[in-house]
Amino acid sequence: MTDNMKREPMVEMFIFETFQLLDELEQSLINSEKESGFESSINEIFRIMHTIKGSSAMMLFENICGLAHSIEDLFFYLRESKPKNYDSSEITDIVLCGVDFIKNETSKLENGMELDGDSSELIYRIREYLQSLKRLNGEEVAQEDAKEPDSGEQNPSKKYAISLCDETASSKSYKYEAVLKFEEDCEMENIRAFSVVHDLKEVADILYCHPKEVLEGEGDCEIIRKEGFKVVFATDLGLNEVKDRLSHALLLKSLDVYVLSDDFSTESVKDYLKDKDESEKGNASEQDQKEASSNDGADNQKINDSNKKNKNENEEKHGSVPSNANSLGKQSVISVNISKLDKLMDIVGELVIAEAMVTQSPDLAGLQLDNFQKSARHLNKITNELQDIVMSIRMVPLSTTFQKMNRIVRDMGKKLNKSVELEIIGEETEVDKNIIERISDPLIHLIRNSIDHGIEEASERERKGKPPVGKLVLEAKNAGGDVWIIVKDDGRGLDKEKILKKARENNLIHKPESELTDKEIYSFIFMPGFSTSDKVTEYSGRGVGMDIVTKNISMVGGSINVESVPDKGTTFSIKFPLTLAIINGMAVKTGRSSFTIPTISIKKSFRVKDEAIIEDNNGNEMIMVRGEAYPILRLHKFYNLDTDITDLNEGIIVMVENDSKVICLFADQLLGEQQVVVKALPRYIKKVRGIGGCTLLGDGSISLILDIATLINIKEV
Amino acid sequence: MKRVLVTDDANFMRTSLRMMLERHGFEVVGEAENGMVAFEKYKEMKPDIVTMDITMPVCDGINAVKLIKKFDPDAKIVMISSMGQECFVKDAILAGAKGFIVKPFKEDYVIQTLEKL
Amino acid sequence: MTKELENVMEVEEDTQKGKYLTFIIGKEVYGIEIKYVTEIIGIQQITEVPELPDYIKGIINLRGKIIPVMDVRLRFKKEQREYNDRTCIIVVEINDISVGLIVDSVAEVVDISENDIVPPPNSSTGFSNKYINGIGKIGEDVKLLIDCNMLLNDEECENLAMIS
């Protein structure tokens, strides 16, 4: 079964879908809890667990399957029995634990690790809870049962779904007895038998069957597995027709049909069957009584043959080419492995460069090529469009990431006993896939901080004349070529004095305090090791965090800002470029090397004229621009490159900014600005400080992309 | 070549089945993520066989069987069920489903079942 | 069809066995197993990357793929030599990592049967090139066989990177 299935793509899909379902589930749970009841989402939660159960069983992940099953059971009970006494937040807690377990296991799968989690304790807890829930609601359930019989799957209706016909009442000509055996482990043998009887009923009167409960869609599967399913019926059909009809039963392993003599009353059939059961083991001679007995062997043979034939056909087809991929009814949305997109992006990048190499080839210089130019323009238009499309494929809406924050807010609020409402705006905003991956952790951190430190307890809020429920806004929007993500709370705001004190202690203040703007003061919280919290909580205030947020954000080319008003709240604004894989860059030259500086970080570039250059004792140079001193980083010195241009007056200064910190890079000359495709350095080369990747220039040469954030930090230290 | 419409709310299950069936020379002409979509697609492409999950949003498998059977009494529908869903399978058979497969399913049995319809 | 492909691959693998690409550095002839070699190109524009050990000369653009290049001369702690039109880059691939090896010149492809390969003399005799894992003999000629894995993945590389 699953073993000969192609595993890899299935694993990918399992991971993808399970995560998706769990996110949905989390949302449903949290929404239900807010409404303090599960009525609206019970079905959805049940269905999601059911699906996860099915998929994980297919993948043989028994731990996940078992856990999903127990949650499914819990919600089945909630759905079918509608108990009155239960605490929805308790259920939410339990189920969220389960969700976390499955998430955790699925992440292990994603990272190629062993699925070694043990869900048995959780399953036990859920079962226990279900039991206690049943006990708690025992009486009410019993009463409701009396009024209205439960129609759930565990307690199906008691009335016969197929009724037996009194033998004497049957007007049909012949009576037969059939014994059917099904394939091993085909499961639900009772329902298979039910299906047979259901089909037979159209042409026959059912006189008797064993086990009898099959008629209700129940009955012991074990008996059918061991003894086969016996059915006695009356019909006008001939023996061959009967056999033909019965042999259509699915997953049939063997079929015996006997013709019964006319005078068999229902009673005698029973006796007869009983006799036969006993005699069958030792003695087959009794079968002589039956006309059809001589054919038995052959018939069995026939059916086995046909099964075999099926199998042969299967094998033949196995090797054949899979059916036409362009078949009808394909989905309109497909999931694609991200590495394929990366590759596509690379190739389109190459194409753009190759195009430039052709159309700007030095061989063409001075030639009058009207047709060529026309075609080149056309080509350029197409490559640009292609590039746009590829970029748009990589764009993913922020909604999943944003929705995840509901859970964080819920958990935090509950733990800290604060009531917080989260408003989400603009979740449909799309950003590059890479950004999505990096943004989640910083957002979680900011939100935790807001709830932990920003939003006050209800009593304090009321004293301040604010509504008791704290408000947190998570907003995304497009502005120009950038995406803004804003986290805003209406809490107590940042404590300026505390931040200043801490900044003083850590020697972070480099100018007179009276000159510091509020913004500059607040920005100290992004410095490494900075935390104003007096007590360390589980969620925030460990002195690490904000700098990690900054780091994560700058890794994807973003920047963060903070604004705060005492007792009104704090707003964090994060700015990202729309995409990362293709950036606008300024190429500069130093010696024989070419570097590319992301245009986004460039403030300006200029030649040194009469700006004052200051040098400190350690040889660190500073340049004075409009009364401000900025450190100079000479690329040739920093990277130890040979160049003739070492005089600051001869080269070029590029002023770059990151996180409102500014330094001046010194290079030989500017080569020009262009769109470049960001490529990683070969894996064989270990990390080089200050270099974020490389790119190909129009002439096919390689330029190293500078990682401005790192360079600034190195210079600061 | 038998043309099959696969119905399941889980993409994973649909793909498992699709791969299984295509390996054995079935043509999967469509996928549906719930009973309503299955019904619409059935009308549109008249597949030879429909595989039908039971628990699905919007319109579950049992209702879908009823809808399809009403539209085409000769429709061949195979239910995809889990252990513990006996009652629903029974209802599906009463509604006209031809057979059923129990999850987690064995490739052999899936193919045998569908070949035989 | 896949079967056929596999057969072809096997044959190819078979025909590659015992085949070595030989190249010259200084006076010595070295051999490298042909199965590692993906292509041989002439010397081309190398982009220097700062802070790398001296024997990693930088990176090159191989039809859009960016690969690092190693000067085997420097790797063997021999003197640097000007590159000329005989200088070649042998592109090898091991464990999905492509690296270009800069050598003085490429000689030929030769068959060396296992019987003709002897282990290198141990270091006590003054032989110190740890990247050689065998010596192949063809008639009177001697080829020093290179351990490609060692050449690329020797720890020293990382250490150097860290020091600088």
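We now turn to the structure provided with this report. (Residues numbered from 1 in each chain as written. Chains lettered and ligands numbered in written order. Predicted model: local features only at pLDDT ≥ 70, side-chain atom pairs only at ≥ 80, totals over all residues. Heavy atoms only, no water.)

### Comments concerning the overall build of chain B
This is how the line gets drawn: What counts as a helix is a DSSP run of H or I of at least four residues, what counts as a strand is a run of E of at least two, and both are numbered from the N terminus. Relative accessibility decides the category of a residue: with a 1.4 Å probe and only protein chains considered, values under 20% of the type maximum give buried, values over 50% give exposed, and everything between is partly exposed. Contact between two residues is taken to exist if any of their heavy atoms lie within 4.5 Å; hydrogens are not considered. Throughout, the Shrake-Rupley method with a 1.4 Å probe supplies accessible areas, and for residues the shown protein chains are the sole cover considered.
The helix and strand inventory of chain B stands at five helices and five strands. Scanning chain B from its N terminus toward the C terminus, one meets helices and strands in the order β-α-β-α-β-α-β-α-β-α. Relative to its 117 residues, chain B shows a buried fraction of 73%. Intrachain contacts of chain B at a sequence separation of at least 6 include 64% that bridge at least 24 residues. For chain B, the exposed area adds up to about 3,500 Å²; of that, 53% sits on carbon and sulfur atoms.

### Description of the interface of chain C and chain A
The line we're drawing: Salt bridges, as used here, are contacts in which a Lys or Arg side-chain nitrogen is within 4 Å of a carboxyl oxygen on Asp or Glu. In protein, a polar contact requires one atom able to donate a hydrogen and another able to accept it; more generally it is a pair of N or O atoms within 3.5 Å, and residues adjacent in sequence count only if both atoms are side-chain atoms. Residue polarity follows a fixed list, in which Ala, Val, Leu, Ile, Met, Phe, Trp, Tyr, Cys and Pro are nonpolar, Asp, Glu, Lys and Arg are charged, and the others, Gly among them, are polar.
Counting residues at the interface gives 24 residues for chain C and 21 residues for chain A. Counting every contact that joins chain C to chain A gives two salt bridges. As a salt-bridge pair, R689 of chain A and E51 of chain C come within 2.3 Å of each other at their nearest N and O atoms. In this assembly, chain C and chain A are joined by three residue pairs in polar contact (both at pLDDT 80 or more). Elements with a minimum of two residues in the side of chain C that touches chain A: β4 (56–62), β5 (65–71), β7 (97–103) and α3 (148–153) of chain C. Per-class residue counts for the side of chain C that touches chain A are 14 nonpolar, six polar and four charged.

### A look at the sheet that holds strand β2 (residues 204–210) of chain A
Residue and element names in this part refer to chain A. The cut-off we apply is this: Each pair of strands is called paired provided DSSP finds at least two bridges between the two strands. The angle between two axes is taken between their N-to-C directions and runs from 0 to 180 degrees, where each axis is a line fitted to C-alpha atoms and a helix contributes only its stretch in contact.
Sheet architecture is open: four strands sit in the order β2-β3-β1-β4, paired in antiparallel fashion. The open sheet terminates on both sides in strands that have one partner only, identified here as β2 and β4 (252–260). With direction set aside, neighbouring strand axes in the sheet form an average angle of 20°. With eight bridges joining them, strand β1 (residues 174–182) and β4 adopt antiparallel strand pairing. Each bridged residue has a counterpart across the sheet, and for K175 the counterpart in β4 is L260. Of the strands in this sheet, β1, β2 and β3 (229–235) touch helix α7 (residues 189–200), which is tilted by about 150° from β1. Packing of helix α9 (residues 239–246) onto the sheet brings it into contact with β1, β3 and β4, and relative to β4 it is tilted by some 155°.

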